[in-house]
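Here is how the chains run, residue by residue.
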Amino acid sequence: KTIYILNGPNLNLLGKRQPEIYGYDTLEDVERNCAAVAKDFGLDIRLLQTNWEGQLIDWIHEAREKAAGIVINPAAFTHTSVAVLDALNTFEGPVIEVHISQVHKREAFRHHSYVSLRADAVMAGFGIEGYALATRRMGSLLAG
Ligand code: DQA
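Residues numbered from 1 in each chain as written. Predicted model: local features only at pLDDT ≥ 70, side-chain atom pairs only at ≥ 80, totals over all residues.

Draft legend 1. Quick look at the UniProt feature "site: Transition state stabilizer" (unreviewed entry) in the chain. According to UniProt, the feature "site: Transition state stabilizer" (unreviewed entry) maps to Arg17 in the numbering used here. With respect to the helices, strands and loops of the structure, Arg17 is situated in the loop between β1 (2-7) and α1 (19-22). For Arg17, a count of 12 C-beta atoms within 10 Å gives the class exposed. Once you skip the residues sitting within four places of it in the chain, Arg17 turns out to touch Asn10 and Tyr22. (UniProt positions renumbered as here; feature names shortened; annotations may be inferred. Helix = DSSP H or I, 4+ residues; strand = E, 2+ residues; numbered from the N terminus. Buried ≥ 20, exposed ≤ 12 C-beta atoms within 10 Å, placed from the backbone. Contact = placed C-beta atoms within 7 Å.)

Quick look at the structure:
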């Protein structure tokens, strides 16, 4: 089984982008950590990042056929995209939403998430460790 780990806009710059908020680790570090956790559960991961809303939606559609679960950091689309929510609502497996920063401690516009209406669990403020923790939880959900 494969877990899709999807990342939205500006996360290609993780490690360089506002490191005081998002830290110095990169998406490659995220991929390495998640792959190691998934391996313990006999699962594979596919980590993807895009700056385009439509691409994120296409990958969610692809996940319908190819993934058992989705871990997603929709980044700014979290707060704006009914289309990403609608796409996730077509997916039958577990969905875990991840935010590197503690969004509820930040600007009010980051407090609302469309994606949380679908997510089975939400991580916020765990830094990049949130992805590995979400992958661990996904392992338990997919095993049970
Ligand atoms: C983020 C939080 C969002 O509000 C922001 O737009 C991001 C990243 C996070 O991982 O903390 O781009 O999803």
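Draft legend 2. Up close: the site of the ligand. Lining the immediate surroundings of the ligand are Asn10, Asn73, Ala75, Ala76, Thr78, His99, Ile100, Ser101, Val103 and Arg110. A breakdown of the residues in the shell around the ligand according to their chemical character gives four nonpolar, five polar and one charged. (Near = placed C-beta within 6 Å. Nonpolar A, V, L, I, M, F, W, Y, C, P; charged D, E, K, R; others polar.)

Draft legend 3. Spatial organisation of the sheet that holds strand β3 (residues 69-73). The sheet built from five strands is open, its strands ordered β2-β1-β3-β4-β5 with parallel pairing. At either end of the open sheet lies a strand with only one pairing partner, and these are β2 (44-49) and β5 (121-124). Put simply, the sheet's adjacent strands are angled 15 degrees from each other on average, direction ignored. Relative to strand β4 (residues 95-99), β3 is paired through three bridges, and the arrangement is parallel. In the strand pairing of β4, Ile70 is matched with Val95. (Pairing = 2+ DSSP bridges. Axes fitted to C-alpha atoms, helices over the stretch in contact; angles between N-to-C directions.)

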